Amino acid sequence: MNFEKFIRDIPDFPKPGIIFKDITPLLADPEAFKGVIDEMAEKVKDIEFDAILVPEARGFLFGSALAYKLGKKLVPVRKPGKLPYEVVEVSYALEYGEAKIQMHKDALEKGEKVLIVDDVLATGGTIKAIQTLVEKLEAEVSGIICLIELEFLNPREKLDNVRVESILKY
Ligand SMILES: O=P(O)(O)OC[C@H]1O[C@H](OP(=O)(O)OP(=O)(O)O)[C@H](O)[C@@H]1O
Ligand SMILES: Nc1ncnc2[nH]cnc12
């Protein structure tokens, strides 16, 4: 299935110079959304993992559907002040700013293997930050899957030693 026609480019959002990849047309098409989740499942079928980690907010959309489909544990990674229990935290740079993310301290067991699922892989800063959180809990990232990879930002340079899969590359 050609998913590209469901991604809308919005120039200068949220800042001048950024071309924002808007996934809402894809979410609005049940066949395309299901197609993406099925293709994600296919691409990760030979990766070993116990849990799916999802960054707020757009990662939740794809990762929770994939966790349901594959019957995996789901762990939300959230912006500060949202998680109610004790957290581990890390700061990072985004294509359009600075951010912090948190995860519950007891979200992962030592040695657990995780797959990170997100909509867009841009600079790789978010995923790299999640890798740091996972390592703080002595667990391990065994794979990453995103719907969209912005290859011109070279995200893979930040993410060596881990399998990275994406469905659409720009
Ligand atoms: O590879 P990076 O440069 O880190 O960029 C990718 C991240 O940026 C976006 O999230 P954002 O922080 O804008 O949050 P949102 O999902 O709440 O919109 C996107 O959903 C990814 O998580
Ligand atoms: N260009 C972009 N479009 C959508 N989400 C993003 N996250 C980081 N960069 C992005």
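Since this is a predicted model, take the numbers as computed values, not measurements. (Residues numbered from 1 in each chain as written. Chains lettered and ligands numbered in written order. Predicted model: local features only at pLDDT ≥ 70, side-chain atom pairs only at ≥ 80, totals over all residues. Heavy atoms only, no water.)

### Some remarks on the site of ligand 1
Here is step 1 of the chain: With respect to spatial proximity, 16 residues lie near ligand 1, and among them K79, Y96, D118, T123 and T126 are the closest.
Here is step 2 of the chain: The contact in question runs from an oxygen atom of ligand 1 to an N or O atom on the side chain of K79, over 2.5 Å.
Here is step 3 of the chain: At 2.5 Å from an oxygen atom of ligand 1 is found a side-chain nitrogen or oxygen belonging to T123.
Here is step 4 of the chain: With the chains in place, 88% of the 510 Å² that ligand 1 exposes on its own is no longer accessible.
Here is step 5 of the chain: Among the elements of the structure, β7 (113-121) and α4 (125-136) are those that each provide at least two residues to the shell around ligand 1.
Here is step 6 of the chain: Residue contributions to the shell around ligand 1 peak at four residues, all from β7.
Here is step 7 of the chain: Residue composition of the shell around ligand 1, by class: six nonpolar, four polar and six charged. (Near = heavy atom within 4 Å. Polar contact = N/O pair within 3.5 Å; in protein donor to acceptor, adjacent residues only side chain to side chain. Areas by Shrake-Rupley, 256 points an atom, 1.4 Å probe, with all protein chains shown as cover. Helix = DSSP H or I, 4+ residues; strand = E, 2+ residues; numbered from the N terminus. Nonpolar A, V, L, I, M, F, W, Y, C, P; charged D, E, K, R; others polar.)

### Some thoughts on helix α2 (residues 30-43)
A turn of α-helix holds 3.6 residues, and therefore any two residues three or four places apart point the same way.
Here is step 1 of the chain: Helix length check: α2, at 14 residues, gives a terminal C-alpha distance of 20 Å against a target of 20 Å (1.5 Å per residue), a fit within 8%.
Here is step 2 of the chain: Among all positions in α2, only A32, G35, V36, I37, M40 and A41 are buried. (Expected span 1.5 Å × (residues − 1). Buried < 20%, exposed > 50% of the residue type's maximum accessible area, 1.4 Å probe, protein only.)

### Some details on the site of ligand 2
Here is step 1 of the chain: Residues in close proximity to ligand 2 include I18, I19, F20, K21, R58, E95, Y96, V120, A122 and L150, which together make up its full environment.
Here is step 2 of the chain: Here a nitrogen atom of ligand 2 sits 2.9 Å away from a polar atom, N or O, in the main chain of I19.
Here is step 3 of the chain: One of the side-chain N or O atoms of Y96 is found 3.2 Å from a nitrogen atom in ligand 2.
Here is step 4 of the chain: In the complex, the protein chains occlude 95% of the 270 Å² of accessible area that ligand 2 would expose alone.
Here is step 5 of the chain: Broken down by element, the shell around ligand 2 gets its largest block of residues, three residues, from strand β2 (residues 19-22).
Here is step 6 of the chain: Here the residues of the shell around ligand 2 are counted per class, giving seven nonpolar, no polar and three charged.

### Some points on α4
Here is step 1 of the chain: Taking 1.5 Å as the rise per residue, α4 with twelve residues should run 16 Å; its terminal C-alpha atoms sit 17 Å apart, in good agreement.
Here is step 2 of the chain: Residues of α4 that are buried: G125, T126, I127, A129, I130, Q131, L133 and V134.
Here is step 3 of the chain: Check the buried side of α4 and you find it contacts β3 (51-55), β4 (73-77), β5 (87-94), β6 (97-104), β7 and β8 (140-149). (Contact = heavy atoms within 4.5 Å.)

### With respect to the pairing of β5
Here is step 1 of the chain: Pairing analysis gives eight bridges linking β5 to β6, with the strands arranged antiparallel. Within β6, the position partnered with E89 by the bridge is Q102.
Here is step 2 of the chain: Following β5, the chain reverses through two residues before pairing antiparallel with β6. (Pairing = 2+ DSSP bridges.)

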